[in-house]
Every structure is written in C-alpha cells, then in structure tokens.
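If you want the building blocks of each chain, they are given just below.
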Amino acid sequence: WCVTNVVSSPAALQGFIDYACGKYDCSAIQQGGPCFEPNTVIDHASYALDLVYKNSGYCDTDIGYISNADPSRTPGCVFP
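Numbering of residues starts from 1 in every chain and runs along the sequence as written. Where local features are concerned, this predicted model is filtered to residues with pLDDT of at least 70; where side-chain atom pairs are given and counted, the filter is 80 or more; whole-chain, interface and lining totals use all residues. As a convention, hydrogens and water are excluded, and side-chain values are obtained from all of the structure's heavy atoms.

(A) Here's a closer look at the UniProt feature "domain: X8" (unreviewed entry) in the protein. UniProt positions are given in the numbering used here, feature names are shortened, and annotations may be inferred rather than shown by experiment. Those places that UniProt annotates as "domain: X8" (unreviewed entry) correspond, in this numbering, to residues 1-79. Helical segments are the DSSP runs of H or I of at least four residues, strand segments are the runs of E of at least two, and each set is numbered from the N terminus. Across residues 1-79, helical content stands at 38% and strand content at 8%; the span's end C-alpha atoms are separated by 8 Å.

Laid out in structure tokens, this is it:
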C-alpha cells in the first residue's frame, strides 16, 4: 500500500486527493462510501495515494510511503 505520511501538509494532501479523484473513481471516500469514515484528509489521502499506486505503480513519496500494513481502518472499507 501507498499511505499518507502524517507530517504532510493538509493542503498538499487535499491537492493530491483532488488530482487522484479527477483521474480515478474515488466514490469509496465520498460521503456514503465505505471508506468515508474516518472523515479526515489524512485517511482520504491514504486511499487516494493507494488508488493511484495500484493503478499506475507510482507512490508520491513527497506525501506518502510504501507500507506492508493494511491501512483500512473501517469495517467494509477495502483499499484498492
């Protein structure tokens, strides 16, 4: 998984979410989606980072890192 580096700025994380969701389906982190909660920019950015990573092989190491631990924290939320 490619997940958020928690020291990243919220603005950088939101910018990446906007980029990723403009390119890929982010319905899982939209309100009502299985990964919407917890509703934080850090959690949503982790989903977006992993979505891009799984689709393109690219993990933006300016705001994220590769992890072997499943970042899904909510029952029913499955990261890409």
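Additional details are given in the paragraphs that follow.
(B) Structural view of the state of the cysteines. By definition, disulfides here are pairs of cysteine sulfur atoms that lie within 2.5 Å. Applying the stated criterion to the full structure yields three disulfides. Two residues, Cys-2 and Cys-59, share a disulfide whose sulfurs are 2.0 Å apart. In this structure, the disulfide formed by Cys-2 and Cys-59 twists by about 70° around the S-S bond and is classed as right-handed. Remark: Cys-59 occurs in the loop between helix H2 (41-56) and strand E2 (64-66) and Cys-2 occurs in strand E1 (residues 2-4); sequence separation between them is 57 residues. Once the bonded cysteines of the protein are numbered in order along the sequence, the disulfide links fall as 1-5, 2-3, 4-6.

(C) Up close: the pattern of salt bridges. What counts as a salt bridge is simple: a side-chain nitrogen of Lys or Arg found within 4 Å of a carboxyl oxygen of Asp or Glu. Considering all chains together, one arrives at two salt bridges under this definition. In this structure, Arg-73 and Asp-43 form a salt bridge, with 3.0 Å as the shortest nitrogen-oxygen distance. Taken as a pair, Arg-73 in the segment after E2 and Asp-43 in helix H2 lie far apart in primary sequence, 30 residues in all. For Lys-54, the salt bridge goes to Asp-50, with nearest N and O atoms at 2.9 Å.

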